[in-house]
Amino acid sequence: GYKGFRDKASENGIGCHVVEVYSNEKIETNIMTGEVRINGGAGFWRTIEQSIGSDGYEVTGYLASWWDVKNPNSGEKHFLYMTIADIEEYAQTYAPAYKFKDSPWNKNRLSRVEMFKKTVLKRLLRKTAPLNPVVSRLLVQFDNEQSEERNNAFDGIDIKGTEESEAK
């Protein structure tokens, strides 16, 4: 899930975070630097009640960010905001397990939130992380895990023409 992916990134020198954005907040992006800020609501500083959504506002999207932990003086930070509709569209297109009832996308609300967060973070890293061996290894490792998940989704399903012929 998202937490495992985040932990793997931090083991490799990449700090990252994903946070939900509520309907009373607006995302603004500096088109020159790519810096993102949240306006409305409480912005970057929220009370505990706001962070769990108990104030009546619904989650409308997720904001992911990453930075280089090994070289904090570089000032390099990257952000990606995706609405829930954007994430759903992306999942329908690129996540084969999305349509299966037993996939993490459809098990329950908590696993679905984890998939939202993981999708935004993975997409941000793929788009903006430097192509160095550490990040490449992290993304390949993640893709291998996804392949295993996809293969497990098909366990127990017989597909015509793939059965082995019996020896005569």
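Residues numbered from 1 in each chain as written. Predicted model: local features only at pLDDT ≥ 70, side-chain atom pairs only at ≥ 80, totals over all residues. Heavy atoms only, no water.

### Description of the packing of helix H1 (residues 2-11) against helix H4 (residues 109-128)
H4 packs onto H1 with a crossing angle of 30 degrees between their chain directions and a minimal axis gap of 8 Å. Contacts from Tyr 2, Lys 3, Phe 5 and Arg 6 in H1 reach Glu 114, Lys 117, Lys 118, Leu 121, Lys 122 and Leu 125 in H4. Its residues assigned to classes, the contact of H1 with H4 comprises 4 nonpolar, no polar and 6 charged. (Axes fitted to C-alpha atoms, helices over the stretch in contact; angles between N-to-C directions. Helix = DSSP H or I, 4+ residues; strand = E, 2+ residues; numbered from the N terminus. Contact = heavy atoms within 4.5 Å. Nonpolar A, V, L, I, M, F, W, Y, C, P; charged D, E, K, R; others polar.)

### Here's the deal with the nonpolar core
If you look at the biggest cluster of nonpolar residues, it comprises 24 residues, and the most contacted ones within it are Tyr 62, Trp 66, Ile 87, Trp 105, Val 120, Leu 121 and Leu 125. Those elements that provide at least two residues to this core are H1, strand E1 (14-22), strand E4 (59-68), strand E5 (77-83), helix H3 (84-94) and H4. The element best represented in this core is H4, accounting for 7 residues. Filtering out sequence-adjacent residues up to four positions away, Trp 105 remains in contact with Ile 87, Ala 91, Ala 95, Ala 97, Tyr 98, Arg 112, Met 115, Phe 116 and Thr 119. Formed by 5 residues, the second largest nonpolar core is a distinct cluster that contains Val 19, Val 21, Val 36 and Leu 63. (Core = buried A, V, L, I, M, F, W, Y, C linked by side-chain atoms within 4.5 Å. Buried < 20%, exposed > 50% of the residue type's maximum accessible area, 1.4 Å probe, protein only.)

### Remarks on the sheet that holds E1
With antiparallel pairing, 3 strands are arranged side by side in an open sheet as E1-E4-E5. The open sheet has two edge strands, E1 and E5, and neither has a second partner. Each neighbouring strand pair of the sheet contributes to a mean axis angle of 15 degrees, computed without reference to strand direction. In terms of strand pairing, E1 meets E4 through 9 bridges, oriented antiparallel. By the bridge assignment for E4, Gly 15 is matched with Trp 67. H3 rests against E4 and E5 of the sheet, and its axis sits at about 85 degrees to E5. (Pairing = 2+ DSSP bridges.)

### Overview of the confidence of the model for the protein
For residues with low pLDDT, the predicted coordinates do not support detailed interpretation. Averaged over all residues, the pLDDT of the protein is 75; the fraction at 70 or higher stands at 67%. Averaged pLDDT values for the elements of the protein fall to 51 in helix H2 (residues 48-51) and rise to 92 in H3. For the stretch residues 159-163, pLDDT sits under 50, and the model shows 0 contacts to residues farther than four places along the chain or on other chains. (pLDDT = per-residue confidence, 0-100.)

### Notes on the side chain of Ser 111
Within the element layout of this structure, Ser 111 appears in helix H4. On the basis of relative accessibility, which here comes to 16%, the residue Ser 111 falls in the buried class. Within the local environment of Ser 111, its side chain forms a polar contact with the backbone oxygen of Pro 104, the two atoms lying 2.7 Å apart. (Polar contact = N/O pair within 3.5 Å; in protein donor to acceptor, adjacent residues only side chain to side chain.)

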